[in-house]
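# Results of the structural survey
Listed below, chain by chain, are the residues.
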Amino acid sequence: MALRGITVVELGGLAPVPFCGMVLADFGAQVVRVDRPGIRSDVSRLARGKRSLVVDLKRPRGVAVLRRLCAQADVMLDPFRPGVMEKLQLGPEILQKENPRLIYARLSGFGQSGRFSKVAGHDINFVALSGVLSRCGRSGENPYVPLNLLADFGGGGLMCTLGIVMALFERTRSGKGQVIDASMVEGTAYLSSFLWKTQETGLWEQPRGQNIIDGGAHFYTTYQTADGGFMAVGALEPQFYELLIKGLGLKSDELPKQMSIKDWPEMKKKFADIFAKKTKAEWCQIFDGTDACVTPVLTFEEVAHHGHNKDRGSFITDTEQRVSPRPAPLLSNTPALPSTKRDPFLGEHSEEILKELGFSQKEIIQLQLDNIIEIHKLRANV
């Protein structure tokens, strides 16, 4: 795989950093997740392909364990607010002095500097501060709270992954690691570059929810079907819109012009009445395979069974019969080969990892007795 031979130390955190670590693991990196004692499960459930080490970083001997681990690592993933790692004597100045090739990735909501850098926040706050939330929502309503995908995973985890891959590539020239300051606010804002660059094109001249691709147009929105399902319509171009009109059983010469904004609300009502007369499956029979840009809104229960997704093997099933998306994108020569094993128990690999670092069995036992580390192994039922 593309990242074969790359070792990553991921400090346990919530969604964004675990996702970043999982992407790296999916594409071949060896990822060790380091969790604090007393935790029994990974709430993010994004530990696929990782090994788990539980160590108490609030104690000097625990810090020494992590420094020994980072001395041999390529990447460190820091999920904490600015200053936390420095207080633990685990900041980049110390770790990169011991390992100049270490790439120190710091993923936080507001970044490593600025007046908000040390305050708490969640996805909605980061999307709000990026400006993007102001553009999300229906006309006349409050800005719509999106799923926590934009900041946590797009502008956060995935943007941090991109930074790591670029730093790894640069290291092939300089031989040196660097610090990555990944701000979820800035990552989300960067994702929205298209919105910024098209402000003077007319795409956004109407109030929120009344523009062509924010749900204002009757040809770029969703409609409920007779069985309670939904269809997504995205027929922007005239030739695609004509196919949409034909599929709905309407005639263009009897309708307002597609771009007549004042008629959009009435056309939405007309389309809604028509879509409500057939089931989702019936609409799929009409539009599947056409260029009308009409697709079913698939539920999580449906998506893995859809013909197109089955054709490409877009979803995978693990040994516990849990379905999840296959890693993307597909690389022709070095595709991701995600683990199908269950996620590790926290501390399942503590002993194994410490032995690889050169700790003796006696030292490991003493660390466990002193509650510096925790070891939790799967016990067979007899």
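The coordinates are above.
Attention in this report is confined to the structure presented alongside it.

What counts, and at which threshold
- Residues numbered from 1 in each chain as written.
- Predicted model: local features only at pLDDT ≥ 70, side-chain atom pairs only at ≥ 80, totals over all residues.
- Heavy atoms only, no water.
- Helix = DSSP H or I, 4+ residues; strand = E, 2+ residues; numbered from the N terminus.
- Buried < 20%, exposed > 50% of the residue type's maximum accessible area, 1.4 Å probe, protein only.
- Contact = heavy atoms within 4.5 Å.
- Areas by Shrake-Rupley, 256 points an atom, 1.4 Å probe, with all protein chains shown as cover.
- Lys, Arg positive; Asp, Glu negative; His and termini not counted.
- Charge placed at Lys NZ, Arg CZ, Asp CG, Glu CD.
- Salt bridge = Lys/Arg side-chain N within 4 Å of Asp/Glu carboxyl O.
- 1 Å grid on protein atoms, 1.4 Å probe; cavity = no way out; pocket = protein on both sides within 12 Å on 5 of 7 lines; lining within 4 Å.
- Points joined across faces, edges and corners; volume = space filled by probe spheres on them.
- Phe/Tyr/Trp six-rings, centres within 6.5 Å; stacked < 30°, edge-to-face > 60°.
- Axes fitted to C-alpha atoms, helices over the stretch in contact; angles between N-to-C directions.
- Parallel < 35°, antiparallel > 145°, perpendicular 65-115°, else oblique.
- Left-handed = near helix turned anticlockwise from the far one by under 90°.
- Nonpolar A, V, L, I, M, F, W, Y, C, P; charged D, E, K, R; others polar.
- Pairing = 2+ DSSP bridges.

## Some points on the overall build of the protein chain
A tally of regular secondary structure across the protein chain gives 15 helices and twelve strands. Taken along its principal axes, the extent of the C-alpha atoms in the protein chain is 85 × 55 × 40 Å. Counting only residues that meet the buried cut, the protein chain has 44% of its 382 residues in that class. The contacts in the protein chain between residues at least 6 apart in sequence include a share of 64% that link residues at least 24 apart. As displayed, the protein chain offers around 21200 Å² of accessible surface, 55% of which is attributable to carbon and sulfur atoms. Separation between the mean location of the 47 positive side-chain charges and that of the 43 negative ones in the protein chain comes to 5 Å.

## Points about the pattern of salt bridges
Inspection of the entire model under this criterion finds 16 salt bridges. Among the salt bridges present, the one from arginine 33 reaches glutamate 10, with a minimum N-O distance of 3.1 Å. Here arginine 33, found in strand β2 (residues 30–35), pairs with glutamate 10, found in strand β1 (residues 7–11); they are 23 residues apart in sequence, far enough to count as distant. The burial state of arginine 33 is the same as that of glutamate 10; both residues are buried. Arginine 322 is the salt-bridge partner of glutamate 320, the closest N and O atoms lying 2.3 Å from each other. Residue glutamate 320 is classed as partly exposed on the basis of its relative accessible area, which comes to 41%. Counted as one network, the salt bridges with shared partners bring together Glu10, Arg33, Asp35 and Lys50.

## What to know about empty space enclosed by the protein
Under the counting rule described, the total for this entry stands at one cavity of 30 Å³ or more. By volume, the largest cavity is sized at about 30 Å³. Contributing to the lining of the largest cavity are Arg33, Asp35, Ala47, Lys50, Arg51, Ser52, Pro344 and Leu346. Elements with a contribution of two residues or more to the lining of the largest cavity: β2 and β3 (51–55).

## Let's talk about the packing of aromatic side chains
Throughout the structure, instances matching the rule amount to nine aromatic pairs. Ring centres of phenylalanine 110 and phenylalanine 116 lie 5.5 Å apart, and the angle between their planes is 80°; on these two criteria the pair is classed as edge-to-face. Phenylalanine 110 gets classed as buried once you look at its relative accessible area, which sits at 14%. Under the relative-accessibility criterion, phenylalanine 116 is labelled partly exposed at 39%. Relative to phenylalanine 126, the ring of phenylalanine 110 lies with its centre 5.0 Å away and its plane at 85°, an arrangement referred to as edge-to-face. One end of the pair, phenylalanine 110, is in the loop between β5 (103–108) and α5 (123–130); the other, phenylalanine 126, is in helix α5, with 16 residues separating them in the sequence. Phenylalanine 126 shares its class with phenylalanine 110; the two are buried. An aromatic cluster of at least three residues, connected via ring pairs, comprises Tyr223, Phe271, Phe275, Trp283 and Phe287.

## Some thoughts on unusual backbone geometry
The phi torsion of most residues other than glycine is negative, and most of the peptide bonds are trans. The step from alanine 328 to proline 329 runs through a cis peptide bond, and the omega angle for that step is 0°. Structurally, the position occupied by proline 329 is in the loop between β11 (323–325) and α14 (350–356). At glutamine 321, a residue that is not glycine, the phi angle is positive and equals roughly 65°. Position of glutamine 321 relative to the elements: it lies in the loop between β10 (315–317) and β11. Glutamine 321 gets classed as exposed once you look at its relative accessible area, which sits at 62%.

## Here's the deal with the packing of helix α1 (residues 16–26) against helix α6 (residues 150–174)
Between α1 and α6, whose axes approach to 8 Å, the crossing angle comes to 45°. By the angle between their directions, the pair α1 and α6 is classed as oblique. The interaxial crossing formed by α1 with α6 has right-handed handedness. Only Asp152, Phe153, Gly157, Leu158, Cys160, Thr161 and Ile164 of α6 make contact with α1, whose side of the interface consists of Pro16, Phe19, Cys20, Val23 and Leu24. Class assignment of the residues belonging to the contact of α1 with α6 gives a composition of nine nonpolar, two polar and one charged.

## Here we look at the packing of α5 against helix α7 (residues 184–191)
Taken N-terminus to C-terminus, the directions of α5 and α7 make an angle of 55°; their axes are 8 Å apart at the nearest point. Overall, the two elements α5 and α7 adopt an arrangement that is oblique. In this structure, the crossing between α5 and α7 has a hand that is right-handed. Facing Phe126, Val127, Leu129 and Ser130 of α5, the residues of α7 in contact are Met184, Val185, Thr188 and Ala189. Across the contact of α5 with α7, the residue classes break down as six nonpolar, two polar and no charged.

## Remarks on the sheet that holds strand β7 (residues 220–224)
Strand order across the open sheet formed by three strands is β7-β8-β9, with antiparallel pairing between neighbours. Single-partner strands in this sheet number two, and they are β7 and β9 (294–296). Between one strand axis and the next, the sheet turns through 25° on average, direction left out of account. Pairing of β7 with strand β8 (residues 230–234), which is carried by five bridges, proceeds in the antiparallel orientation.

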